[in-house]
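Examination of the molecular architecture
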Amino acid sequence: MTVIAADVTAPQRISRLLTILSGAGGVAFLLGLLITPNLVWPNLLLMCFYMFGLGLGATLFLALTRLMGAQWCRAIQIVPESMAKTIPLVAPLLGVVVIMGAIQRPLAESAVLHGESFWFKSAWLSTGFFAGRTVFYLVVFSLLSLGLASCSRRSRETTSPLFGRLSALFMVVFAIVFSAASVDWIQALDPDWFSTMWGVYQFSGVFVTGLATITLLAILLEQAGPLQGILTKKHLHTLGILLFSFSSFWMYIWLCQYMLIWYANISEETFYFFDRSHGLWGPLFIANLFLNWLIPFLVLLPRPAKQSASVLWKVAVVILVGRWLDLYIAIIPARDAGFPLFGFCEVGGILGTIGLFGLLMLHVLRKDSILA
Amino acid sequence: MSKRVLVATYQCEEDILSGARVARAEGITILDAYTPYAVHGLDEAMGLKASRLTWVCFAFGASAAIFMTWFQLWTSAISWPINIGGKPWNSLPAYAPVIFEAMVLCAGLGTVAVLFLVCRLRPGKKTKLVVDGITNDRFALVVVHDSAERGVEETRQLFEASGPLALEERVIDEEPSWWQVGVRRSDDGEVAERGWLGTINMVLLSVLVVLVGVNLFVPLSPNETNWEIFREMMRSPAPGALSRSKVLPGGITFQEPVANTVARGLPPLHYDASEESAAAAGRELENPYRANEEGVLEPGPLQRGQKIFTVYCVACHGPRGGGDGLVTKRGFPSPPSFGAGKLNTLADGQLFHILTYGRGNMPPHAGQVPREDRWKAILYVRQLQEKAVAQAEAAAKKAEAEADAKDKTGEDKTAGAAGEEKP
């Protein structure tokens, strides 16, 4: 922690570090293009969806706390606000990656291949409609997150009913649009597969990573200055409770999806889990549950752990790694990877995600003159 | 035991917080604080240690989860393996919901039960408010007022600074222990009589509980329980197959099947014991166990047929179907041999008819031998017939060859004789 704190206290240094990370990510991607070109696109998708999810989780946090009438989060409100403002910056990247993938390998064709009864699916996934929908989702999320962030900022000076109304609207829109978007972007990589739990499953992942990032950034900003003396043990406790409960919620939803498919044992559904739990994927499949639930659950069970910054930031990192693994297991096997390969693309993706998201956050924080 | 205490009543939570801090700073023991709602930071101000109830909760949850995992494993994989949808007996994903529910239930109820025990709360307990209004808008702090060390006025002045609405000195009694039910109080709250009556009552009650328990759980006879937990599982509400019935015809639950009922897997045979019917069966029925197109017969049906033959047919027909079974040696008329005569010309269907309805001295075997087994026995009979015919042919050939040889040697002999005669 002290090392990170030392770095954070000098924003110029951290900015340089993040630039180097992004650069390293870019170089690794170029190498990946030469060596394992078929893994480049899935990793790009993973990276963009991951970053987009962080922003979405923060926007959800803003809307949820507003609707609950929560006051405690006022102290750390700048963190989710800044995260929400990265959505319009990540959205074009995600849009380009998703649409490029759909053009390069039309999903509708693979849906048609396996049976004539999927006419609706092939129409739904036809490239034009798919691209149009993607743009729509991204525009909706960008506008709403920007609106919510600015409402939240203004709510500190004046009270306006707009924030509450926009929050309520966002909840409804998020429920519908995010379910559709996660199905389109991730689940449709396996056009034959379907899970009615997919939307809520992705939501649980997005929200818990949003919370983990808020916790991590709040602790960092406390060390760096802007939140010094503002972030107290009580805030950490509440963040810890939220992390603990939504990590368990993720596990609950994961089991709901897994157990229904395992129990029904229909071959159209089970192949998804079969591919992802056999061979070299097996250990990763189990590690996913450990990282996303068991470790955070056991570590955060005692009350002092939920109040301790040094425990919380480690748990937040574990959850963020778990989320990466969760998406990795979902995305990579859908694109012809017979076994997990931790190569240039993966390293580049992770470094690039950290670097790029960090730079975006830094940009937003500087623009709002929270950081020098 | 009675204690001298000081009750400080406050109007808002900041005041009780500062009152609690004063008490701690001065080393005055705080007995309790009463507030209309949970006041943030009061536990710290009072210097309360972290509650050990969390460990109770954890222990309850963990032991329930472990027990439920073992219990499901034991019931569904060890004691009584149940096949559910072809899943493995030991199916952890299916256990998860039950483990989870049991864990939550035990952790919740157990913690509440322990909390009640620790706080000496019980149903019907009469609570005495320390100050009227602590359930509404007042906050009360109760501290031990140790007059030996500090004077009453001194303590009073200490608390005056925290701005209490009222400061009151009182003498309170220790809570009687839970088994001392018979404690009597006089009107002013003093304990007038701490009799043994309550303790005796509790002992008698315990004896009663033990006796009832023994009566419930120790069975008098090994075949019956004293206490039927699930009556409908112990005694079926449906009547037995052959019990008396007041509503059903015949006064018995067992009823004739409806006319034209067909048994599962047994399409009806429209034949009778007559000659014409036997001929019809020969034309219409075919053995379902035939050799396939390449002339290969699966060994299973034939082996089964052999077994049936050995059990039911050998006694009369003999081990090779020669009509020389044991009973024929005790005077029973001998059945015709399989290898000879008319039996070879009968179709499979006719043989089936004989096995089913009987012929001549042979009784019907439909009652002993199931339909499939009859066909399999016929399969074996056919094999015996082939062997018998082959044997008979071989014997005939041999006889013929021998006869030829005889003729030849006879000729030779005559030739030899002639030769002998020649010189």
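Quick look at the overall build of chain A
- Of the regular secondary structure elements, chain A holds 16 helices and zero strands.
- Among the 372 residues that make up chain A, the fraction classed as buried is 54%.
- Here the analysis covers contacts within chain A between residues at least 6 apart in sequence; of these, 82% occur between residues at least 24 apart.
- Accessible area of chain A: about 15700 Å², with a carbon and sulfur share of 72%.

Observations regarding the environment of Phe342 of chain A
- Structurally, the position occupied by Phe342 of chain A is in the loop between α15 (309–331) and α16 (344–367).
- The residues contacting Phe342 of chain A, other than those within four sequence positions of it, are Trp324, Val347 and Ile350 of chain A.

Notes on the interface of chain B and chain A
- Contacts between the two partners involve ten residues from chain B, matched on the other side by nine residues from chain A.
- Interface area for chain B against chain A, summed over the two sides, is near 910 Å², with a carbon-plus-sulfur share of 74%.
- At the surface where chain B touches chain A, the tally comes to one salt bridge.
- Between Arg303 of chain A and Asp43 of chain B there is a salt bridge; the shortest N-O distance is 4.0 Å.

Regarding the pattern of salt bridges
Residues and elements named next belong to chain B.
- Enumeration according to the criterion identifies ten salt bridges over all chains in this entry.
- Note that Asp373 and Arg304 form a salt bridge whose closest N and O atoms lie 2.6 Å from each other. Within this pair, whereas Asp373 is found in helix α11 (residues 371–421), its partner Arg304 is found in helix α9 (residues 299–317), the two being separated by 69 residues in sequence.
- For Asp373, a relative accessible area of 8% puts it in the buried group.
- In this structure Arg304 comes out as partly exposed when scored by relative accessible area, which is 34%.

Some details on the side chain of Asp190 of chain A
Residues and elements named next belong to chain A.
- Looking at the element boundaries, Asp190 is found in the loop between α9 (161–185) and α10 (198–224).
- Asp190 sits in the buried class, given a relative accessible area of 14%.
- Those residues in contact with Asp190, other than ones at most four positions away along the chain, are Phe271, Tyr272, Arg276 and Ala334.

Section: the pairing of strand β3 (residues 139–144) of chain B
Residues and elements named next belong to chain B.
- When you tally the buried positions in β3, you get five out of six residues, the bulk of the element.
- Both strand β2 (residues 30–34) and β3 contribute to a ladder of four bridges, which runs antiparallel. Each residue of the ladder has a partner; that of Asp32, found in β3, is Val142.

Some remarks on the confidence of the model for chain B
Residues and elements named next belong to chain B.
- Across chain B, pLDDT averages 82, with 88% of residues at or above 70.
- Mean pLDDT values over the elements of chain B span from 55, in strand β6 (residues 191–194), up to 94, in helix α3 (residues 53–79).
- The ipTM value of the predicted complex is 0.81, and its pTM value is 0.69.

A look at the nonpolar core
- Counting 118 residues, the largest nonpolar core has Phe52 and Trp185 of chain A as its most contacted members.
- Counting residues per element, this core draws most heavily on helix α3 (residues 40–68) of chain A, which supplies 16 residues.
- Not counting chain neighbours up to four residues away, the residues in contact with Trp185 of chain A comprise Leu45, Phe49, Phe52, Leu94, Val98, Phe130, Thr134, Tyr137 and Leu138 of chain A.
- If you look at the next biggest cluster of nonpolar residues, it comprises 23 residues, including Tyr271, Leu346, Trp375 and Ala377 of chain B.

So, a nonpolar patch on the surface
Residues and elements named next belong to chain B.
- Side chains of Leu205, Leu208, Val209, Val212, Leu216, Phe217, Trp227, Ile229, Phe230 and Met233 sit close together on the surface and give an oily, nonpolar patch of about 1000 Å² of accessible area.
- For the nonpolar patch, the element with the highest residue contribution is helix α6 (residues 197–217), accounting for six residues.
- Looking at the element boundaries, Trp227 is found in the loop between α6 and α7 (231–234).

A look at the confidence of the model for chain A
- Summary statistics for chain A give a mean pLDDT of 88 and a share of 94% for residues scoring 70 or more.
- Averaged over each element, pLDDT in chain A is lowest for helix α1 (residues 2–8) of chain A (45) and highest for α15 of chain A (95).

Overview of the packing of aromatic side chains
All names here are of chain A.
- Tallied over the entire structure, the rule returns 44 aromatic pairs over all chains.
- Measuring from ring centre to ring centre gives 6.1 Å for Trp198 and Tyr272, while their planes differ by 85°; the resulting arrangement is edge-to-face. Of this pair, Trp198 sits in helix α10 while Tyr272 sits in helix α12 (residues 267–277), and the two are 74 residues apart along the sequence.
- The aromatic ring of Phe129 is capped on one face by Arg133, whose charged end is 4.5 Å from the ring centroid.
- Stacked on the ring of Phe244, the Lys or Arg Lys306 has its end atom at 5.2 Å from the ring centre.

Criteria and thresholds
Residues numbered from 1 in each chain as written. Chains lettered and ligands numbered in written order. Predicted model: local features only at pLDDT ≥ 70, side-chain atom pairs only at ≥ 80, totals over all residues. Heavy atoms only, no water. Helix = DSSP H or I, 4+ residues; strand = E, 2+ residues; numbered from the N terminus. Buried < 20%, exposed > 50% of the residue type's maximum accessible area, 1.4 Å probe, protein only. Contact = heavy atoms within 4.5 Å. Areas by Shrake-Rupley, 256 points an atom, 1.4 Å probe, with all protein chains shown as cover. Buried area = accessible area lost by both parts, 1.4 Å probe. Salt bridge = Lys/Arg side-chain N within 4 Å of Asp/Glu carboxyl O. Pairing = 2+ DSSP bridges. pLDDT = per-residue confidence, 0-100. Core = buried A, V, L, I, M, F, W, Y, C linked by side-chain atoms within 4.5 Å. Patch = residues over 30% accessible without salt bridge, like charges linked within 9 Å, V, L, I, M, F, W, Y side chains within 5 Å. Phe/Tyr/Trp six-rings, centres within 6.5 Å; stacked < 30°, edge-to-face > 60°. Lys NZ or Arg CZ within 6 Å of the ring centre and 35° of its normal.

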